[in-house]
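# Structural description and commentary
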Amino acid sequence: MTVALFTLGGTISMAGSHRLTGADLTTAMPGLTDLGHEVEIQDVEKIPSANLTAAKLLEVVEAAAKAVAAGAAGAVITQGTDTLEESAFLADLVWPHPQPLVFTGAMRNPTLAGPDGPANLLAALRVACSPAARDLGALVVFTEEIHAARWVRKTHSTSTATFRSPNAGPLGHVVEDQVRVLTRPARLESIQAQADLDSIRVALYTVTMDDDALLLQGLADTHQGLVVAGYGVGHVPAALAPVLGDLATRIPVVLTSRTGAGSVVRNTYHSPGSETDLLRRGLIDGGFLDPYKARILLRLLLATNSGIATVFEKYV
Ligand code: ASP
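A brief structural summary. (Residues numbered from 1 in each chain as written. Predicted model: local features only at pLDDT ≥ 70, side-chain atom pairs only at ≥ 80, totals over all residues. Heavy atoms only, no water.)

## Describing unusual backbone geometry
The phi dihedral of Asp 135 is positive, around 65°, even though this residue is not glycine. You can call Asp 135 partly exposed: its relative accessible area is 43%. (Buried < 20%, exposed > 50% of the residue type's maximum accessible area, 1.4 Å probe, protein only.)

## Thoughts on the nonpolar core
Among the nonpolar cores identified, the biggest contains 53 residues, and Leu 90, Leu 93, Leu 101, Phe 103, Leu 297, Leu 298 and Phe 312 are the most heavily contacted of them. Taken together, the elements giving at least two residues each to this core come down to strand 1 (2–9), helix 2 (54–69), strand 5 (75–78), helix 3 (84–94), strand 6 (101–104), strand 7 (138–142), helix 8 (291–303) and helix 9 (308–315). Counting residues per element, this core draws most heavily on helix 2, at 9 residues. Residues in contact with Leu 93, not counting those within four places in the same chain, are Ser 190, Ile 191, Ile 296, Leu 297, Leu 300 and Tyr 315. One finds Val 3, Ala 133, Val 174 and Val 179 within the second-largest nonpolar core, a separate group that totals 29 residues. (Core = buried A, V, L, I, M, F, W, Y, C linked by side-chain atoms within 4.5 Å. Helix = DSSP H or I, 4+ residues; strand = E, 2+ residues; numbered from the N terminus. Contact = heavy atoms within 4.5 Å.)

## Quick word on the site of the ligand
Around the ligand sit Gly 10, Thr 11, Pro 48, Ser 49, Gly 80, Thr 81, Asp 82 and Ala 106, and those are all the residues in its vicinity. At 2.8 Å from an oxygen atom of the ligand is found a main-chain nitrogen or oxygen belonging to Thr 11. One of the side-chain nitrogen or oxygen atoms of Asp 82 is found 2.8 Å away from a nitrogen atom of the ligand. Taking 270 Å² as the accessible area of the ligand by itself, protein coverage stands at 82%. In terms of residue class, the shell around the ligand is built from 2 nonpolar, 5 polar and 1 charged. (Near = heavy atom within 4 Å. Polar contact = N/O pair within 3.5 Å; in protein donor to acceptor, adjacent residues only side chain to side chain. Areas by Shrake-Rupley, 256 points an atom, 1.4 Å probe, with all protein chains shown as cover. Nonpolar A, V, L, I, M, F, W, Y, C, P; charged D, E, K, R; others polar.)

## A closer look at the environment of Ile 251
With respect to the helices and strands, Ile 251 occurs in the loop between helix 6 (240–248) and strand 15 (253–257). With near-sequence residues (within four places) excluded, Ile 251 lies in contact with Leu 219, Ala 220, His 223, Gln 224, Gly 225 and Leu 226.

## Notes on the pairing of strand 11 (residues 172–175)
Residues in a regular strand point their side chains to alternate faces of the sheet. Of the two faces of strand 11, only the one carrying Gly 172 and Val 174 is buried; His 173 and Val 175 on the other face are not. Taken together, the 2 bridges between strand 8 (residues 145–148) and strand 11 define a ladder with antiparallel strand orientation. Along strand 11, the bridge assignment pairs Ile 146 with Gly 172. Linking two consecutive strands that pair antiparallel, namely strand 11 and strand 12 (residues 178–181), is a turn of 2 residues; a positive phi of about 50° is found at Glu 176 within it. (Pairing = 2+ DSSP bridges.)

## Section: the sheet that holds strand 14 (residues 225–230)
Across the sheet, which stays open at both edges, the 4 strands sit in the order 13-14-15-16 with parallel pairing between neighbours. Both outer strands of the open sheet, strand 13 (202–206) and strand 16 (284–285), are each paired with one neighbouring strand and no more. Across 5 bridges, strand 13 lies against strand 14 in parallel orientation. Of the residues in strand 14, the one forming a bridge with Tyr 205 is Val 228.

## Remarks on the side chain of Ser 87
If you trace the backbone, Ser 87 turns up in helix 3. A relative accessible area of 6% places Ser 87 in the buried class. Excluding its chain neighbours within four sequence positions, the residues that come into contact with Ser 87 are Leu 52, Leu 57, Gln 79 and Phe 103.

Have a look at this one:
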C-alpha cells in the first residue's frame with residue numbers, strides 16, 4: 001500500500017539556500033523502511049508558509065483526496081509552521097474522507113543541531129498509515145503528539161513543542177512505532193470544497209486599550225465578514241459595541257477571545273460591550289474557536305453560502 005506525501009516548503013525543507021524535496025526528506029530516514037507503505041511524493045511548492053494561499057491549499061487537499069481514492073492509506077502535507085494551524089483547519093473543514101490527512105513541519109531547519117523535521121515527518125507518516133487514525137479528519141503531528149486540526153494552535157515562536165491544543169489536549173501519541181489514539185472526537189459534517197475563497201474578504205480585528213474603532217469605518221463596504229478578537233470572555237470597550245452592532249446588521253460578525261485559550265461566554269456579564277450586549281446586537285458566538293480558526297470557518301461559509309449561525313453553533 002502507499003501513503004501520499006505533499007511538500008509545500010517551510011523550515012522543514014530549508015537547508016541554507018537549498019530547498020529539500022520530498023525525496024531528500026525521506027531518503028535514508030531512519031525507521032522509514034519499517035513503515036510498510038511506499039511513500040508517493042509530490043513536491044508542490046518551496047515557499048515560506050506566509051505565502052501559502054487558501055486556493056493552493058485546497059488544490060493540494062484535492063490532490064490528497066485523489067490519492068486516497070486511488071488507494072493510499074492516508075496523506076501527509078509538510079509546510080511551514082507559521083500558517084499550519086490555519087491550513088490544517090481549512091483542510092479539516094472540507095475533508096470528508098476516513099483516511100487521515102496529516103500536517104507536519106519543523107521548527108529547527110536541517111542545518112541546525114537537532115533538527116525536528118525527520119522525526120516529525122516519520123511520526124506523521126506513521127499516523128497517516130494507521131487504521132487507528134482513521135475517521136479523525138485532518139490532524140497535526142508534531143513532537144510525536146497527534147492533535148486535531150480543529151483545536152491545535154501554534155503557541156510558541158521557536159520551541160519545537162509549539163503545537164498545542166490548549167482546550168482539549170492531544171488526541172494521542174506516537175510511541176515507538178505505534179500510533180496510540182486516546183480520544184476520538186465526533187466528526188462534524190464537512191463543507192463543500194469547491195468554493196472560491198479568493199473573492200471573500202473576512203477581517204480579523206483585535207480589540208485593544210483605548211480603541212476608537214476608526215479602523216472599522218467602512219469595513220462592511222470592503223469585507224463580507226468580520227471576526228472580533230475581544231478581551232477575555234468576549235468583551236470590547238463600551239464605545240465599540242454600537243459600531244460592531246451596526247456592522248452586524250450588514251455582515252456576519254463573529255465574537256471570539258484574544259486570550260489564546262478558553263471560550264467566550266454567553267450569559268455572565270451585562271454591561272455595554274459585554275458578551276450579552278454584543279450577542280444581543282447580533283454578533284455570532286465564536287465559542288471555543290480561536291480568532292484565526294473562526295476567520296477560516298466564516299470565510300468558507302460565506303463562500304459556500306452556508307447557514308453561518310447554524311454551523312458556528314456546531315463548532316463552538
Ligand atoms: N517561517 C517558516 C514558515 O512558516 C517557519 C516554519 O516553517 O516553521 O514557513
